[in-house]
Amino acid sequence: MVDSEALSGEERGQSLLSYKLLADRLAAEAFDRPVRIIWSKSDFEIPEGTKERLKEHLARNLPNASQISVSVVGSHENGGKARAHFAELLSWLLEPALMELPCAKSNPHSEDFFLGFGS
Amino acid sequence: MTENINTLLIGGFSSGKTHFGAQLLARLQKKSGELELREAAPSVALFEEALTRLAAGMSSEHTARQMFGDIKIPTADRSGRGIDLIWPEYGGEQVDDIASKRLISPRWRKRTRECDHWVLLIRLLHIKTEDDLVSRPLDKLYTERRQADNRPKENAFNWSSQALLLELMQLLLYVREQSTCRRLYRPKLLVLLSCWDEMPVTKMTIPGSVLASELPMFYSYLRANWDEDALTICGLSSLSRNLKPDVPDPEYVDRGPEAFGYIVLPDGTETSDLTLPIARLAVGSKL
C-alpha cells in the first residue's frame with residue numbers, strides 16, 4: 001500500500017525512502033508469489049519527480065508486480081470507476097487460481113458448529 | 001562464488017564517513033553502478049538516521065562518540081561476482097584518540113588485523129597546515145618565538161595534522177604487525193579526500209596533486225611505503241553541496257539524495273558512481 005498523501009506532503013522524501021526500503025525487503029522475500037502495488041488515496045497529486053523515482057525503484061525491484069490506484073474521495077463524480085477499482089482489487093485478492101493457493105481441507109477438532117462448518 | 005571484503009574505514013571527527021556510508025547504500029540500492037545490491041541488506045539500522053535525514057534534504061547528526069558497529073552488504077559487481085561488503089560505522093573521535101593517546105581498543109585492533117582493504121577519509125579543509133618559510137617569513141618567526149616563550153609551556157607544542165595522520169597509519173600498521181621493509185601490497189589503501197566540493201579546486205584537478213601540496217609529508221610517506229598498485233587517491237563529494245542540519249534543501253527532496261554526490265578519479269575526471277572506487281578496491285584493480 002503506497003500512501004499518496006504521504007508522498008505528496010512535506011515529508012515526501014522520508015516517505016519515499018521508507019517505501020523503497022519496504023520494497024527491497026518485499027522483493028527479497030516475495031520469491032515467485034504475486035505482488036500488487038496499491039496506490040491509495042490517489043486523489044492526492046504526487047509530485048512527478050517523486051512518483052517517477054518510486055515507480056522506477058518498484059519496476060526494478062518488483063518487475064512482475066501489477067499496480068492499481070484507489071481512492072474513496074470524489075466517488076460521487078467518479079463513483080463507477082472507484083467502485084470498479086475496489087471490486088477488481090478484491091476479486092484479485094480472492095482469486096485462488098490466480099494466487100495458486102491450494103484450497104486447504106479443514107479438519108477441525110472442535111465441537112463448535114461454527115468451526116465445524118464445511119467439514 | 002562470494003567473497004567477503006572486510007573494509008577498514010578510517011576517518012576522524014567530521015570527516016564525512018556517515019554521509020558517505022549512507023550515500024553508498026543508496027547507490028547500491030539504485031543498482032546503476034559498478035557494484036549493486038544482490039539482495040536486500042540485512043539491516044540498514046546503522047544508517048537509517050542518515051538516510052532519513054538526507055531524504056529530507058538535511059545533513060545528518062554527528063555519530064555518537066561511543067558508537068561502533070558494522071553492516072554486511074551483499075553486493076555483486078558487473079561480472080556477477082558476489083562481494084559481501086562489511087562496512088563500519090562509528091564515532092570519528094575514536095580514530096582521533098588512537099593517534100593522540102596512542103591507545104587502541106581490542107575491537108579496533110581486531111579490525112585492523114582482519115581487514116585487507118583500508119579506506120582513509122581526509123577532509124582537507126579541517127586539516128591544519130603548518131607555516132613554512134613562504135607563509136611565515138623568518139623575521140616573524142623570531143618575534144613569535146619570543147612571544148611563545150612567555151606562554152605557558154603546556155601549550156607550546158601541538159602535533160601537526162599531517163604528523164598525527166602519519167602517526168595513525170604507522171600505529172595501525174604496527175598493530176597489524178606489518179613490516180614496511182618492502183612496499184606494502186596489503187592492506188590495499190584507498191585515500192578519499194572528502195568534501196571535495198568545499199575545496200577551492202578547478203575541474204580536472206588531480207586529487208593526488210592536491211594531497212601532495214596540502215600534506216606533502218604524509219603524501220611522501222604513503223608513496224614511499226605503499227606499492228603503486230595498492231594505493232589509490234580520489235576526491236569524494238558525498239553530497240555535492242553543503243546541506244544544513246535544520247533547513248531542508250528542496251532540490252534534494254525532489255530529486256533524491258541518489259542524484260547527488262561524485263568521485264574525482266585519480267586522473268581528475270568526475271563520476272557520479274560512488275561505488276566505483278570501492279568496487280576496484282575490492283577486486284584489487286587500479287582505477
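So, here's what we can say about the structure. Owing to the predicted nature of the structure, the values given are computational and were not obtained by experimental measurement. Counting starts from 1 at the beginning of each chain's written sequence and moves along it residue by residue. Ligands are numbered from 1 and chains lettered from A, in the order in which they are written. It should be noted that, the model being predicted, local features are given only for residues of pLDDT at least 70 and side-chain atom pairs only at 80 or more, the latter also being counted only at that level, while totals for whole chains, interfaces and linings use all residues. The side-chain quantities take in all heavy atoms of the structure and omit both hydrogens and water.

What follows covers the overall build of chain B. Helix numbering and strand numbering both begin at the N terminus, where a helix is a DSSP run of H or I of at least 4 residues and a strand a DSSP run of E of at least 2. Looking only at helices and strands, chain B has 10 helices and 9 strands in total. Rg of the C-alpha trace for chain B: 20 Å, near the compact-globule value of 19 Å for 287 residues, within the 12% margin. Its C-alpha atoms give chain B principal-axis dimensions of roughly 65 × 50 × 40 Å. With a 1.4 Å probe rolled over the protein chains alone, any residue whose accessible area is under 20% of its type maximum counts as buried; one over 50% counts as exposed, and the rest are partly exposed. In chain B, buried positions account for 52% of the 287 residues. Here, residues are in contact when the closest pair of their heavy atoms is within 4.5 Å. Within chain B, contacts between residues separated by at least 24 positions form 77% of all contacts whose residues are at least 6 apart in sequence. One finds the centroid of the 37 positive side-chain charges in chain B at a distance of 4 Å from the centroid of its 39 negative side-chain charges. The size measure is the radius of gyration over C-alpha atoms, and the globule rule it meets is 2.2 Å times the number of residues to the 0.38 power. All tallies of charge rest on Lys and Arg as positive and Asp and Glu as negative; His and the ends of each chain are not included. Charge positions come from single atoms, namely NZ of Lys, CZ of Arg, CG of Asp or CD of Glu.

Residues and elements named next belong to chain A. Patch membership requires over 30% relative accessible area and the absence of a salt bridge. Like charges are linked within 9 Å, and nonpolar side chains (Val, Leu, Ile, Met, Phe, Trp, Tyr) within 5 Å. Each accessible area value is a Shrake-Rupley result obtained with a 1.4 Å probe; residue values ignore everything except the protein chains displayed when judging cover. Every case where a carboxyl oxygen of Asp or Glu lies within 4 Å of a side-chain nitrogen of Lys or Arg is listed as a salt bridge. A contiguous nonpolar patch, built from Leu90, Leu93 and Leu94 and spanning about 330 Å² of accessible area, is present on the exposed surface. Structurally, the position occupied by Leu94 is in the loop between helix 4 (75-93) and helix 5 (96-99). For Leu94, a relative accessible area of 69% translates into the label exposed.

All names here are of chain B. There is about 490 Å³ of room inside the second largest pocket. Along the wall of the second largest pocket there are 25 residues; nearest its centre are Ser14, Ser15, Gly16, His19 and Arg123. For the lining of the second largest pocket, the element with the most residues is helix 1 (residues 17-30), which contributes 3 residues. Only Asp, Glu, Lys and Arg are considered charged, only Ala, Val, Leu, Ile, Met, Phe, Trp, Tyr, Cys and Pro nonpolar, and every remaining residue, Gly among them, polar. A per-class count over the lining of the second largest pocket returns 5 nonpolar, 14 polar and 6 charged. We place a 1 Å grid over just the protein atoms. Points where a 1.4 Å probe fits but has no way out form a cavity, open points with protein on both sides within 12 Å along at least 5 of 7 lines form a pocket, and any residue with an atom within 4 Å of a point lines it. Grid points are joined across faces, edges and corners, and a volume is the space filled by probe spheres set on the points.

Here we take up the state of the cysteines. Residues and elements named next belong to chain B. When the sulfur atoms of two cysteines come within 2.5 Å, that pair is taken as a disulfide. Within the structure shown, the criterion is met by 0 disulfides over all chains. Of all cysteine sulfurs in the structure, the one in Cys195 sits closest to Cys234, which takes part in no disulfide; the separation is 15 Å. Among the residues examined, Cys234 registers a relative accessible area of 0% and is labelled buried.

Residue and element names in this part refer to chain A. The parallel open sheet is built from 3 strands, whose spatial order is 1-2-3. Every interior strand has two partners, whereas the edge strands, strand 1 (2-3) and strand 3 (66-69), have only one. DSSP-based pairing: two strands are paired if at least 2 bridges between them are found. The pairing of strand 2 (residues 36-40) with strand 3 spans 4 bridges and is parallel. Bridging from a neighbouring strand, Trp39 pairs with Ser69 of strand 3.

Moving on to the interface of chain A and chain B. Listed by partner, the interface residues are 16 residues for chain A and 18 residues for chain B. Between chain A and chain B, the buried area comes to about 1400 Å², and carbon and sulfur atoms account for 51% of it. Put simply, chain A and chain B have 3 salt bridges between them. The salt bridge partner of B:Glu258 is A:Arg53, with a shortest N-O separation of 3.4 Å. Secondary-structure elements contributing two or more residues to the side of chain A that touches chain B are helix 2 (12-30) and helix 3 (48-61) of chain A. Element by element, the count of residues in the side of chain A that touches chain B is highest for helix 2 of chain A, at 9 residues. Its residues assigned to classes, the side of chain A that touches chain B shows 3 nonpolar, 6 polar and 7 charged. The term buried area refers to how much accessible surface (probe radius 1.4 Å) is lost by two components on association, counted for both of them together.

Residues and elements named next belong to chain B. Scanning the model with the defined rule gives 1 cavity of 30 Å³ or more in all. For the largest cavity, the calculated volume is near 100 Å³. Around the largest cavity, the lining comprises 13 residues; the ones closest to its centre are Asp229, Thr232, Arg280, Leu281 and Ser285. Among the secondary structure elements, those contributing two or more residues to the lining of the largest cavity are strand 6 (188-193) and helix 10 (276-283).

For the rest of this paragraph, the subject is helix 2 (residues 45-55) of chain B. Buried within helix 2 of chain B are the following residues: B:Phe47, B:Ala50, B:Leu51, B:Arg53, B:Leu54 and B:Ala55. Positive backbone phi, at 80°, marks B:Gly57, one or two positions downstream of helix 2 of chain B.

Geometrically, a packed helix pair is captured by the angle between its two axes and the distance between the axes. Residue and element names in this part refer to chain B. Axis separation between helix 1 and helix 2 bottoms out at 9 Å; the angle between their running directions is 80°. By the angle between their axes, helix 1 is roughly perpendicular relative to helix 2. Contacts from Thr18, His19, Gly21, Ala22, Gln23 and Leu25 of helix 1 reach helix 2 at Phe47, Ala50, Leu51 and Leu54. Of the residues that constitute the contact of helix 1 with helix 2, the class distribution is 6 nonpolar, 4 polar and no charged. In this analysis, axes come from line fits to C-alpha atoms, helices being fitted only over the stretch in contact, and the angle between any two N-to-C directions falls in the range 0 to 180 degrees. Our angle categories are set so that under 35 degrees counts as roughly parallel, over 145 as roughly antiparallel, 65 to 115 as roughly perpendicular, and the remainder as oblique.

All names here are of chain B. Packing of helix 3 (residues 93-101) against helix 6 (residues 161-175) brings their axes to within 9 Å, and their N-to-C directions diverge by 90°. By the angle between their directions, the pair helix 3 and helix 6 is classed as roughly perpendicular. Here helix 3 contributes Val95, Ile98, Ala99 and Ser100 to the contact with helix 6, which in turn contributes Leu164, Glu167, Leu168 and Leu171.

All names here are of chain B. Of the residues making up helix 8 (residues 216-225), those classed as buried are Phe218, Tyr219, Tyr221, Leu222 and Asn225. Buried residues along helix 8 cover an arc of 160° about the axis, so they all sit on one side. Each element contacted by the buried residues of helix 8 is listed here: strand 5 (117-122), helix 6, strand 6, helix 7 (207-214) and strand 7 (231-237). Starting at the helix axis, one direction is taken to each C-beta atom, and the arc is that of these directions.

On to the pattern of salt bridges. Residues and elements named next belong to chain B. All chains considered together, the criterion is met by 24 salt bridges over all chains. In this structure, the salt-bridge partner of Glu34 is Arg78, at a minimum N-O distance of 3.8 Å. Here Arg78 lies in the loop between strand 3 (68-77) and strand 4 (82-90) and Glu34 lies in the loop between helix 1 and strand 2 (35-37), a separation of 44 residues in the sequence. The exposure class of Glu34 is buried, given its relative accessible area of 17%. One salt bridge in this structure joins Asp70 and Arg111, with 2.4 Å as the shortest N-O distance. With Asp70 in strand 3 and Arg111 in helix 4 (residues 106-114), the pair connects residues that are 41 residues apart, well separated along the chain. Among the charged side chains, a salt-bridge network with shared partners connects Arg241, Asp249, Glu251 and Arg255.

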